[in-house]
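Structural characterization, general
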Amino acid sequence: MNVADTHHIPDADDPVLADLAERITCRIQSGDPVEADHYIGQYPARAGVIRGLVAMLDDLTALGRSMAHRRARNSDPVAADDESGTPKASRRPPPPEPSEQ
Amino acid sequence: MPTTTRELTTGLLERAESGDDCAREELLELYRDYLRRMVAARLDRRLAPRVDPSDVVQEALADAARRMDEFLRDRPLSFSGWLRQIAVERLIDTHRRHVHSQRRSVTRESRDIGLPDDSALALSQRLVADDTSPSNHLLRQERHARLMTSLAALSPRDREVLVMRHLEQLSTAEIADALELSEGAVESRLLRALIRLRGRMESGS
């Protein structure tokens, strides 16, 4: 394992930052605008980390959206806009009826 | 009236345990799309022309149906965690059949099934190929390539939560259920992984 993965990162154990990262993620994923300065205004001591997190979460969300769109397009070109992500029943089409003789 | 997936799952498991076969079927169908997202996020790019994630999921669900009695008796994991484990087994088998020429240990392969193990650049090219803005195309392609390379270089523990949250687009509640953690622990793990990912991107590794 790379040393970078094991050395202590002070900000990584910050529950306020963890909660903030999740709130920002939800906001970006729902398509709402996110400005790092807005959160820096609330948490000025965490400015450096917040700016980096917003940029990273933006990129990750864009990557996830690309993959979701491609999955939807490959499975059902007609419903390609459906990118809902919660587990739910997705019924397979019923087998064709046997032809009458 | 159950409203969350977790509540639905709990109810269906109770019914399945009492012998309700319809409940078993409903339970597996409930997770079909969830598993498809997981498999699609991890399927090797080289298999894409030949392997439909839905087929891997169908095999995994068939395995789960056969092993359901064992799960209901032993409850080794959460239901979603158990299904994911079965889907990973099927993915490893699929990769082994189609990509790898040598036998590999399942343990090593299960650690490797975090992201497709080929060129991150090729993957990002595939993902952004249909972007509509030519002027941003190269920038986005480059950014995604660096992101995928950095993701692949993370430890499996860090990579797993990021892939689940951002590529599979699972909620923290769903991740918590699958990994049997609290949501707070998931958020902490995500933050640590994000900070390490950022560090790798900035250092170019």
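None of these values were measured; they are calculated from a predicted model. (Residues numbered from 1 in each chain as written. Chains lettered and ligands numbered in written order. Predicted model: local features only at pLDDT ≥ 70, side-chain atom pairs only at ≥ 80, totals over all residues. Heavy atoms only, no water.)

**A short note on the overall build of chain A**
How we decide: Counting from the N terminus, the helices are DSSP H or I runs at least four residues long and the strands are E runs at least two residues long. The buried label goes to any residue with under 20% of its type's maximum accessible area, the exposed label to any with over 50%, and the partly exposed label to all in between, with areas taken from a 1.4 Å probe on protein chains only. Here a residue-residue contact requires only that any non-hydrogen atoms of the pair lie within 4.5 Å. Methods summary: accessible areas were calculated by the Shrake-Rupley approach with a probe of 1.4 Å, and residue burial reflects only the protein chains presented.
Within chain A one finds 3 helices and 0 strands. Secondary structure elements in chain A, listed N-terminal to C-terminal, are α-α-α. In chain A, which comprises 101 residues, the proportion classed as buried is 38%. Pairs at least 24 residues apart make up 43% of the contacts formed inside chain A by residues separated by at least 6 positions. For chain A, the computed accessible surface area is about 6,200 Å², with 53% contributed by carbon and sulfur atoms.

**What to know about helix α11 (residues 183-203) of chain B**
Filter applied, for reference: Here, expected helix span is obtained from the residue count minus one, scaled by 1.5 Å.
Taking 1.5 Å per residue, 21 residues should reach 30 Å; α11 of chain B reaches 30 Å between its end C-alpha atoms and fits that length. Buried residues of α11 of chain B: Val-186, Glu-187, Arg-189, Leu-190, Leu-191, Ala-193, Leu-194, Ile-195, Arg-196, Leu-197, Arg-200 and Met-201 of chain B, and no others.

**Here we look at the packing of aromatic side chains**
Residues and elements named next belong to chain B. We count it as follows: When the centres of two rings from Phe, Tyr and Trp lie within 6.5 Å, Trp using its six-membered ring, the rings pair. Their planes under 30 degrees apart give stacked, over 60 give edge-to-face, and anything left gives tilted.
Applying the stated criterion across every chain yields a total of 5 aromatic pairs over all chains. Taken together, a centroid distance of 5.7 Å and an interplanar angle of 40° make the contact between Phe-79 and Trp-82 tilted. In this pair, Phe-79 and Trp-82 both sit in helix α5 (residues 79-98), 3 residues apart, roughly one turn of the helix. Both residues of the pair, Phe-79 and Trp-82, count as buried. These aromatic residues form a ring-pair network of at least three members: Tyr-31, Tyr-34, Phe-71, Phe-79 and Trp-82.

**What about the pattern of salt bridges?**
All names here are of chain B. To keep it simple, the criterion reads: A carboxyl oxygen of Asp or Glu within 4 Å of a side-chain nitrogen of Lys or Arg is what we treat as a salt bridge.
Summed over all chains, the structure comprises 28 salt bridges over all chains. A salt bridge links Arg-6 to Asp-177, with the shortest nitrogen-to-oxygen separation between them at 3.7 Å. In this pair, Arg-6 sits in helix α1 (residues 5-17) while Asp-177 sits in helix α10 (residues 172-179), placing the two residues 171 residues apart along the sequence. One salt bridge in this structure joins Glu-29 and Arg-32, with 2.5 Å as the shortest N-O distance. Accessibility classification places Glu-29 together with Arg-32 in one group, the buried group. Within the structure, one salt-bridge network assembled from shared partners comprises Glu-59, Asp-63, Arg-66, Arg-90, Asp-93 and Arg-97.

**Some words on unusual backbone geometry**
Residue and element names in this part refer to chain B. Here the phi dihedral of Arg-75 falls at roughly 45°; this positive angle occurs in a residue that is not glycine. If you trace the backbone, Arg-75 turns up in the loop between α4 (53-74) and α5. In this structure Arg-75 comes out as partly exposed when scored by relative accessible area, which is 35%. Its identity is not glycine, yet Glu-180 carries a phi of approximately 60°, on the positive side.

**Details of the side chain of Arg-42 of chain B**
Spelled out, the test is: N or O atoms closer than or at 3.5 Å make up a polar contact, with two conditions inside protein: a donor-capable atom paired with an acceptor-capable one, and, for residues adjacent in sequence, both atoms drawn from side chains.
Locating Arg-42 of chain B in the fold gives a position in helix α3 (residues 32-42). Within the structure, the side chain of Arg-42 of chain B is placed 2.4 Å from the side chain of Glu-168 of chain B, a separation counted as a polar contact.

**Some points on the packing of α4 of chain B against α5 of chain B**
All names here are of chain B. In plain terms, the rule: To get an axis, a line is fitted to the C-alpha atoms, and for a helix only the part in contact is used. The angle between two axes follows their N-to-C directions and goes from 0 to 180 degrees. Orientation labels follow simple angle bins: below 35 degrees gives roughly parallel, above 145 gives roughly antiparallel, 65 to 115 gives roughly perpendicular, and whatever is left gives oblique. Handedness of a crossing is defined here by the sense of rotation of the near helix relative to the far one, left-handed for an anticlockwise turn of less than a right angle and right-handed for a clockwise turn. For this classification, the nonpolar set comprises Ala, Val, Leu, Ile, Met, Phe, Trp, Tyr, Cys and Pro, the charged set comprises Asp, Glu, Lys and Arg, and every other residue, Gly included, is treated as polar.
At their nearest, the axes of α4 and α5 sit 9 Å apart, and the two run at 130° to each other. As far as their axial angle goes, α5 and α4 are oblique. Here α4 and α5 pass one another in a crossing that is right-handed. Residues Val-56, Glu-59, Ala-60, Leu-61, Asp-63, Ala-64, Arg-66, Arg-67, Met-68 and Phe-71 of α4 form the contact with α5, whose own contacting residues are Phe-79, Trp-82, Leu-83, Ile-86, Ala-87, Glu-89, Arg-90, Leu-91, Thr-94 and Arg-97. Of the residues assigned to the contact of α4 with α5, the class counts are 12 nonpolar, 1 polar and 7 charged.

**Brief notes about the confidence of the model for chain A**
As a note on interpretation, predicted positions should not be read in detail where pLDDT is low. Residues and elements named next belong to chain A. Test applied: pLDDT runs from 0 to 100 and stands for how confident the predictor is about each residue.
Across chain A, pLDDT averages 74, with 60% of residues at or above 70. The least confident element of chain A, judged by mean pLDDT, is helix α3 (residues 47-75) at 84; the most confident is helix α1 (residues 15-29) at 94. Predicted confidence is poor over residues 1-6, with pLDDT under 50, and the contacts of this stretch with residues over four places away or in other chains come to 10 contacts. Contacts from residues 80-86, a stretch scored under 50 in pLDDT, to residues over four places away or in other chains number 15 contacts.

**Regarding the side chain of Asp-158 of chain B**
Residues and elements named next belong to chain B. Note that Asp-158 resides in helix α9 (residues 156-167). Classification of Asp-158 by relative accessible area gives buried; the value is 1%. A polar side-chain atom of Asp-158 sits 3.1 Å from a polar atom in the side chain of Arg-196.

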